[in-house]
Amino acid sequence: MKLGLHARYGGYALVTGAARGIGRAFATYLAADGFDLLLVDREADETTALAKALHAEHGIDARALVYDLADPGLATKAQEWAEAYEVGLLVNNAGISVLDPFFEISLETHLATLDLNCRATLMLTYIIGKKMARQGRGGIIIVSSASAMSGSPYFCHYAATKGYGLNLAAGLWSELQGTGVDVLAVCPGMTDTKPVQDQALDKDLPFYIPLTGPEPVALGALRALGKQPTLVPTFADRMSAGLLSKLLPRGWTLSIMKRSIEKMRG
Ligand SMILES: NC(=O)c1ccc[n+]([C@@H]2O[C@H](COP(=O)([O-])OP(=O)(O)OC[C@H]3O[C@@H](n4cnc5c(N)ncnc54)[C@H](OP(=O)(O)O)[C@@H]3O)[C@@H](O)[C@H]2O)c1
């Protein structure tokens, strides 16, 4: 399916966390649109297999860049990537989430979450985005989360890191308007990918919103890029995010979320 994004931005699309889930869906749509791909992930086998499959199906140049984005050497690595490739579209997708009480998660895990969800997003956006801004052409997507809009019990630090991505994208969207560089934050609700599947949640809730697949999240974001600063991809999540973050007082919202998450965790 042609989305017209390769025609608009050109070059390679760099997708982080591309091996699985939402990142894999982004990579698949972008290959079909005609982008050459830089697939960044720490899962060597899955990333290499995906690069081979997308090359075979679409005849594009797809490269597996196997790398841990939480590594302290990321700035140097990102500079190398920016110099070696013309990146027309950057998708900051890789992120980790840990659903547990704040003080039961180790400080080390909180810091690793900060390194990936915030520090890596900042570095790639700065280093690769600066070249786009110089050239007056490019697109940047940051995968945030619906939890960024309200904060979330049991996801306290995760939701805070996702608020960083949401606000970074919103500010840049405005600052870069008219320069040829488009920016979007996409804020998915619960999506049917491995981190959610691994938690075996009890979904028997009064207002349970069915899980979205990763494909509508990626496709929605690609279609919204250049048109608006943020996107909550599904109607159900838009209703819930609108109700919870805009209409109800924050204290009520957090109480509802706490009761739902406690029931889901069993
Ligand atoms: N799923 C949801 O319900 C949901 C909702 C809202 C927002 N999001 C956001 O959407 C994004 C994608 O989530 P997903 O559910 O698709 O995740 P996923 O299925 O776990 O895929 C993420 C990929 O990123 C890789 N990765 C993780 N840490 C990395 C690192 N330090 N360096 C390089 N690669 C790394 C993972 O490898 P490993 O397997 O080795 O970790 C995995 O291949 C995340 O930013 C997440 O916060 C997800």
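Conventions used here
Residues numbered from 1 in each chain as written. Predicted model: local features only at pLDDT ≥ 70, side-chain atom pairs only at ≥ 80, totals over all residues. Helix = DSSP H or I, 4+ residues; strand = E, 2+ residues; numbered from the N terminus. Rg over C-alpha atoms; globule rule 2.2 N^0.38 Å. Buried ≥ 20, exposed ≤ 12 C-beta atoms within 10 Å, placed from the backbone. Axes fitted to C-alpha atoms, helices over the stretch in contact; angles between N-to-C directions. Parallel < 35°, antiparallel > 145°, perpendicular 65-115°, else oblique. Left-handed = near helix turned anticlockwise from the far one by under 90°. Contact = placed C-beta atoms within 7 Å. Nonpolar A, V, L, I, M, F, W, Y, C, P; charged D, E, K, R; others polar. Pairing = 2+ DSSP bridges. Near = placed C-beta within 6 Å. Core = buried A, V, L, I, M, F, W, Y, C linked by C-beta atoms within 7 Å. Right-handed = clockwise from strand over helix to strand, strands pointing away. Expected span 1.5 Å × (residues − 1).

Counting its regular elements, the protein contains 10 helices and seven strands. Relative to the 2.2 N^0.38 estimate, which gives 18 Å for 266 residues, the radius of gyration of the protein is 18 Å and therefore close to what a compact globule would have. Overall, the C-alpha framework of the protein stretches about 50 × 40 × 35 Å when taken along its three principal axes. For the protein, the proportion of its 266 residues judged to be buried stands at 41%.

It is worth spelling out the packing of helix α2 (residues 21–33) against helix α8 (residues 214–224) at this point. Look at α2 against α8: their axes get within 8 Å of each other, and the N-to-C directions meet at 55 degrees. Of the possible angle classes, the one that applies to α2 and α8 is oblique. Judged by the sense of rotation from one axis to the other, the crossing of α2 with α8 is right-handed. Contacts between α2 and α8 involve Gly21, Ile22, Arg24, Ala25, Phe26 and Tyr29 from the former and Pro214, Glu215, Val217, Ala218, Leu219 and Leu222 from the latter. Its residues assigned to classes, the contact of α2 with α8 shows nine nonpolar, one polar and two charged.

This part covers the pairing of strand β5 (residues 138–143). Consecutive side chains along a regular strand alternate between the two faces of the sheet. Across the six residues of β5, six count as buried, placing the element largely inside the fold. Neither face of β5 is open: one carries Gly138, Ile140 and Ile142, the other Gly139, Ile141 and Val143, and all of them are buried. Pairing of strand β4 (residues 87–92) with β5 involves four bridges; the strand directions are parallel. Bridging from a neighbouring strand, leucine 89 pairs with glycine 139 of β5.

Reading across the sheet, the seven strands line up as β3-β2-β1-β4-β5-β6-β7 and stay open at both edges, with parallel pairing between neighbours. Among the strands making up the open sheet, the edge pair consists of β3 (62–66) and β7 (230–231). When β5 meets strand β6 (residues 181–186), the two strands line up parallel, connected through six bridges. Residue pairing across strands places valine 143 opposite valine 186, the latter belonging to β6. Most of the contacts of helix α5 (residues 107–135) go to β4, to which it runs at about 160 degrees, and overall it touches β1 (12–16), β4, β5 and β6.

Below, the discussion takes up the site of the ligand. Around the ligand, a shell composed of 28 residues is seen, among which Gly17, Gly21, Leu69, Gly95 and Thr193 lie nearest. Of all the secondary structure elements, the ones that give two or more residues to the shell around the ligand are α2 and α7 (194–197). Among the residues making up the shell around the ligand, the classes are represented as 13 nonpolar, nine polar and six charged.

As a further point, take the packing of α5 against helix α6 (residues 156–175). Running from N to C, α5 and α6 point in directions that differ by 10 degrees, and their axes come no closer than 9 Å. As the angle between them shows, α5 and α6 are arranged roughly parallel. Counting all contacts with α5, which are made through His110, Thr113, Leu114, Asn117, Cys118, Thr121 and Thr125, the residues of α6 involved are His157, Tyr158, Thr161, Lys162, Tyr164, Gly165 and Leu168. Each residue belonging to the contact of α5 with α6 can be placed in one class, and the counts come to five nonpolar, eight polar and one charged.

Let us look at the nonpolar core. Leu14, Val15, Ala27, Leu30, Leu37, Leu39 and Leu184 are the most contacted members of the largest nonpolar core, which has 70 residues in total. Leaving out residues up to four positions away in the same chain, leucine 14 has contacts with Leu38, Val40, Trp81, Val87, Leu90, Val91 and Ile128.

Judged from the five bridges that link them, strand β2 (residues 36–41) and β3 form a sheet pairing that is parallel. The residue bridging leucine 39 from the neighbouring strand is alanine 64, located in β3. Of the crossover connections in this fold, the one passing from β2 over helix α3 (residues 44–58) to the parallel β3 is right-handed.

If you trace the backbone, leucine 231 turns up in strand β7. Separated by 11 residues in the primary sequence, leucine 231 and glycine 220 place their C-alpha atoms 7.9 Å from one another.

We now examine helix α10 (residues 250–265). Here α10 contains 16 residues, and its C-alpha end-to-end distance of 22 Å stays within 8% of the 22 Å for a straight helix at 1.5 Å per residue. The positive-phi residue at the C-terminal boundary of α10 is glycine 266, with phi of around 75 degrees.

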